[in-house]
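Listed here are the chains, written in short residue letters.
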Amino acid sequence: MPIGDAPIVSMDAITKTFPGVKALDQVKLDLYPGQVTALVGENGAGKSTTVKILTGIYQPNGGTIRLNGAPITFATPNDASRAGITAIHQETVLFDELSVAENIFIGHAPRTRWGLIDKGQMHRAAGKLLAEIGAPFGPRTPLRDLGIANKHLVAIARALSVDARVVIMDEPTAALSHKEIEELYALVEALKAQGKAILFISHKFDEIFRIADRYTVFRDGAFVGDGRIEDISENDLVTMMVGRAVDQIFPDRTRLSGTEALKVVGYDHPTEFADINFTLNKGEILGFYGLVGAGRSEFMQALFGITKPTKGVCRINGNISVIRSPADAVKNGIVYVPEDRGKQGAIIGLPIFQNITLPSVGRTSRRGFLQLAEEFKLARTYAERLDLRAASLDQDVGNLSGGNQQKVVIAKWLATKPQVIILDEPTKGIDIGSKAAVHEFMAELVAQGLSIIMVSSEIPEVIGMSDRVIVMRDGRIATELEGDALTPETLVRHAAGIAEGTAA
Ligand SMILES: Nc1ncnc2c1ncn2[C@@H]1O[C@H](COP(=O)(O)OP(=O)(O)OP(=O)(O)O)[C@@H](O)[C@H]1O
Ligand SMILES: [Mg+2]
């Protein structure tokens, strides 16, 4: 890109306050044609708020937005869309009741000359967009039938269906598999080549350094700096973002040789998984690695009693059990923190502290003021351990940033004092500084004799945190790895089913 190119969009001194919170304080952000700008910041730094202002969802309290140099205001999302700004939001708003094509074209469907929706045209256009991004499903598929990763592709197709000049992606790869992420990168390159300005939000630094041309850093709602990616190191960028140097090192643990905590025998499901057998020991972190669709989450949901396996039993602390419901699982000391924490997670409208203590309130039986004080104390302990950033624990959980809502959901399950904790993608959407807090907390819990099953697609996390790793492929256990056999290469080979020595 020639130096001196003018930004397409430029935000200047933008301020946004919510009751009790200054989410943005005079921030600036420039987006250049044909370039990817990474917006970097901790959970709650103000990234999604910026996106919502740029797309007309929120109105700023002060400051100026310029489009090609001319001041502009976006009173509604339609205004922003008409100005050529489109976004894939962190929490995608899609409709299960509609088809894929209807979701893509909702609000701007092609019309016949009678003003009716031109379904043929809509399906053709949707089919073309889906093919372009390599989606493995057609335009007529009901959205309800798709998993999270594929729903995300629908959101991407939707963003591309309006002829945008500015494309915003708020943590687009959080729900995608390795292969889909590569496809997304290719898509970003294509958009760049078309001269579009791209705003890219991610907590993954390898990805920022791979695809971004520029960076802008926010901290606590304030602008800290910006520049070209080629002029900054990863460490410096992290320090800028957190305000201190961060150890990206996994906690040191001495591996315990514990007794059996949980034994899983012969779990089968008609479509999702088959023949799952393993043992989890006390004081152990057992990793589950696999590609999206390998059946890891589906199996965990069965183990937790959300879905029913056709057969399979487990032995917990020596007792044979068949877990029939989540309540059953919790009674047996098993909890599950799901990957899709948005849907199965926080209760919007309830304050943070009640969200955390909800499943454990039975433990503090006295009603009234005393109980409230105890609940608060319990909530505070976990909030601090997980580095939760909130103005107060009284705040509605719905007003927290995406990453902080996830910390609340994790806290809520840990507060039940379980024996076995199943964590599905524990640090997805969590910033680098808080990630270390979550990892340290996990290490401390197993040191106390608890056991953790960790489903993760992040290879460094899988290797850095697990004592042993089970790799799943096509619903079955492909292999179990530990010690020197546990390398990024062996993980990927077994997950993809590539035999030793045959791949490049
Ligand atoms: N509707 C709202 N009402 C009150 N406070 C809000 C609202 N939306 C956001 N906030 C607050 O504004 C701040 C910035 O939140 P934002 O969602 O922009 O963070 P973020 O940088 O996107 O974080 P994450 O990485 O966790 O997604 C946070 O303190 C959040 O609690
Ligand atoms: Mg966000």
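Residue numbers run consecutively from 1 along every chain, following the written order of its sequence. Written order decides the labels, with chains lettered from A and ligands numbered from 1. Reporting of local features is limited, given that this is a predicted model, to residues whose pLDDT is at least 70; pairs of side-chain atoms are given and counted only at 80 or more, and all residues count toward the totals for whole chains, interfaces and linings. Each side-chain value is derived from all of the structure's non-hydrogen atoms; neither hydrogens nor water enter the calculation.

1. Here we look at the overall build of the protein chain
Per the convention used, a helix needs a DSSP run of H or I reaching at least four residues, while a strand needs a run of E reaching at least two, with both numbered from the N terminus. Helix and strand content of the protein chain: 17 helices and 20 strands. Taken over C-alpha atoms, the radius of gyration is set against a globule rule of 2.2 Å times the number of residues to the power 0.38. The C-alpha atoms of the protein chain give a radius of gyration of 24 Å, which matches the 23 Å a tight globule of 504 residues would have. With the C-alpha coordinates aligned to their principal axes, the bounding extent of the protein chain is approximately 70 × 55 × 50 Å. Using a 1.4 Å probe on the protein chains alone, a residue whose accessible area is under 20% of its type maximum counts as buried, one over 50% counts as exposed, and one in between counts as partly exposed. Within the span of the protein chain, comprising 504 residues, buried residues form 52% of the whole. Contact criterion: two residues are considered in contact whenever any of their non-hydrogen atoms come within 4.5 Å of each other. Long-range pairs, those at least 24 residues apart, make up 65% of the contacts in the protein chain between residues at least 6 apart in sequence.

2. Here we look at the sheet that holds strand 14 (residues 311–316)
Across a sheet, paired strands are connected by hydrogen bonds in the backbone, their directions being either parallel or antiparallel. Following DSSP output, two strands are said to pair if at least two bridges run between them. Across the sheet, four strands lie side by side as 12-11-14-15; this open sheet has antiparallel pairing. The outermost strands of the open sheet, each flanked by one partner alone, are strand 12 (276–281) and strand 15 (319–321). For this sheet, the mean angle separating the axes of adjacent strands, direction not counted, is 15 degrees. The axes are straight lines fitted to the C-alpha atoms, using for helices just the contacting stretch, and the angles between their N-to-C directions are given from 0 to 180°. Sitting on the sheet, helix 9 (residues 296–303) touches strand 11 (260–268), strand 12 and strand 14, and the angle it makes with strand 11 is about 110 degrees.

3. Let's talk about the packing of aromatic side chains
Stacked, edge-to-face and tilted labels apply to pairs of Phe, Tyr and Trp rings (six-membered ring for Trp) whose centres lie within 6.5 Å, assigned for plane angles under 30 degrees, over 60, and everything in between, in that order. By the definition in use, this model includes ten aromatic pairs. The interplanar angle of 75 degrees and the centroid separation of 5.9 Å between the aromatic rings of F278 and F299 together place this pair among those described as edge-to-face. On the criterion of sequence distance, the pair formed by F278 in strand 12 and F299 in helix 9 is long-range, its members being 21 residues apart. Accessibility assignment for this pair places F278 and F299 in one class, buried. Directly above the aromatic system of Y32 lies the positively charged group of R214, at a separation of 4.1 Å from the ring centroid. Two conditions define a charge sitting above a ring: the NZ of Lys or the CZ of Arg must be within 6 Å of the ring centre, and it must be within 35 degrees of the ring normal.

4. Regarding the side chain of E42
Residue position: E42 is located in the loop between strand 3 (36–40) and helix 1 (47–54). In this structure E42 comes out as buried when scored by relative accessible area, which is 6%. A distance of 3.4 Å separates the side chain of E42 from the side chain of R389, its partner in a polar contact. For E42, the residues in contact, after removing those within four places along its chain, are K47, H203, F218, R219, M241, V242, R389 and D431. Two N or O atoms form a polar contact when they lie within 3.5 Å of each other; inside protein one atom must be a possible hydrogen donor and the other a possible acceptor, and for residues adjacent in sequence the pair counts only when both atoms belong to side chains.

5. Brief notes about the sheet that holds strand 16 (residues 334–337)
Taken together, the six strands give an open sheet; going across it, the order is 16-17-18-13-19-20, and neighbouring strands pair in mixed fashion. Sheet topology places strand 16 and strand 20 (476–482) at the edges, where each strand pairs with a single neighbour. Strand-to-strand twist across the sheet, computed as the mean angle between neighbouring axes with direction ignored, equals 20 degrees. Pairing analysis gives four bridges linking strand 13 (residues 285–289) to strand 19 (residues 468–473), with the strands arranged parallel. Each residue of the ladder has a partner; that of F288, found in strand 19, is I470. Along the sheet, helix 9 contacts strand 13, strand 16, strand 17 (420–424), strand 18 (451–455) and strand 19; its crossing angle with strand 18, the most-contacted strand, is approximately 145 degrees. Across the sheet, helix 15 (residues 432–447) lies against strand 13, strand 17 and strand 18, angled at about 145 degrees from strand 18, the strand it touches most.

6. Things to note about helix 6 (residues 178–193)
Over its 16 residues, helix 6 runs 23 Å from end to end, which matches the ideal 22 Å to within 8%, given 1.5 Å per residue. Taken as a whole, helix 6 has its buried residues at E180, I181, L184, Y185, L187, V188, L191 and K192. For helix 6, the angular spread of the buried residues around the axis is 160 degrees, confining them to a single face. Exposed side chains of helix 6 directed beyond 90 degrees from the buried face belong to K179 and A193. Structurally, helix 6 contributes buried residues whose contacts are with strand 3, helix 5 (148–161), strand 7 (166–170), strand 8 (197–201) and helix 7 (205–211). Taken from the residues just after helix 6, G195 is the one with a positive phi, measuring 85 degrees. Take the residue count of a helix, subtract one, and multiply by 1.5 Å to get its expected span. What the arc measures is the spread of directions leading from the helix axis to the C-beta atoms.

7. Comments concerning the domain arrangement of the protein chain
Interfaces are often sized by the amount of accessible area the parts lose when they come together. An automatic or database domain assignment supplies the start and end points of every domain. Assigned domains of the protein chain: these are domain 1 (9–242), domain 2 (258–333 + 421–496) and domain 3 (342–417). Between the C-alpha centres of domain 2 and domain 3 the distance comes to 25 Å. Residue-level contacts link 16 residues of domain 2 with eleven residues of domain 3. Buried surface at the junction of domain 2 and domain 3, both sides included, amounts to about 1100 Å², of which 67% is carbon and sulfur. Defined here as a combined quantity, buried area equals the accessible surface (1.4 Å probe) lost by two parts on assembly, summed across both. Looking at the side of domain 2 facing domain 3, the largest losses of area belong to I430, S434 and F441, adding up to 37% of the total buried there. We define a salt bridge as a side-chain nitrogen of Lys or Arg found within 4 Å of a carboxyl oxygen belonging to Asp or Glu. Counting across the domain 2 and domain 3 interface gives one salt bridge. As a salt-bridge pair, E444 and R385 come within 2.8 Å of each other at their nearest N and O atoms. For the interface between domain 2 and domain 3, the tally reads three residue pairs in polar contact (both at pLDDT 80 or more). Elements that contribute at least two residues to the side of domain 2 that touches domain 3 include exactly strand 17 and helix 15.

8. Notes on the site of ligand 1
In the vicinity of ligand 1 lie 21 residues, with K47, T49, N399, S401 and G403 positioned nearest. In the model, an oxygen atom of ligand 1 is placed 3.0 Å from a nitrogen or oxygen of the N43 side chain. One nitrogen or oxygen atom from the main chain of G403 is found 2.7 Å from an oxygen atom belonging to ligand 1. Where accessible areas are quoted, they stem from the Shrake-Rupley method and a 1.4 Å probe; at the residue level, only the protein chains shown are allowed to cover. The protein chains hide 89% of the 650 Å² of surface that ligand 1 would expose on its own. Elements with a minimum of two residues in the shell around ligand 1: strand 2 (21–31), helix 1 and helix 14 (402–414). Its residues assigned to classes, the shell around ligand 1 shows six nonpolar, twelve polar and three charged. When residues of the shell around ligand 1 are assigned to domains, at least three map to each of domain 1 (9–242) and domain 3 (342–417). Nearness is judged by heavy atoms alone; a residue qualifies as near a molecule or strand once a single heavy atom is within 4 Å of it. When residues are grouped by polarity, Ala, Val, Leu, Ile, Met, Phe, Trp, Tyr, Cys and Pro land in nonpolar, Asp, Glu, Lys and Arg in charged, and all others, Gly among them, in polar.

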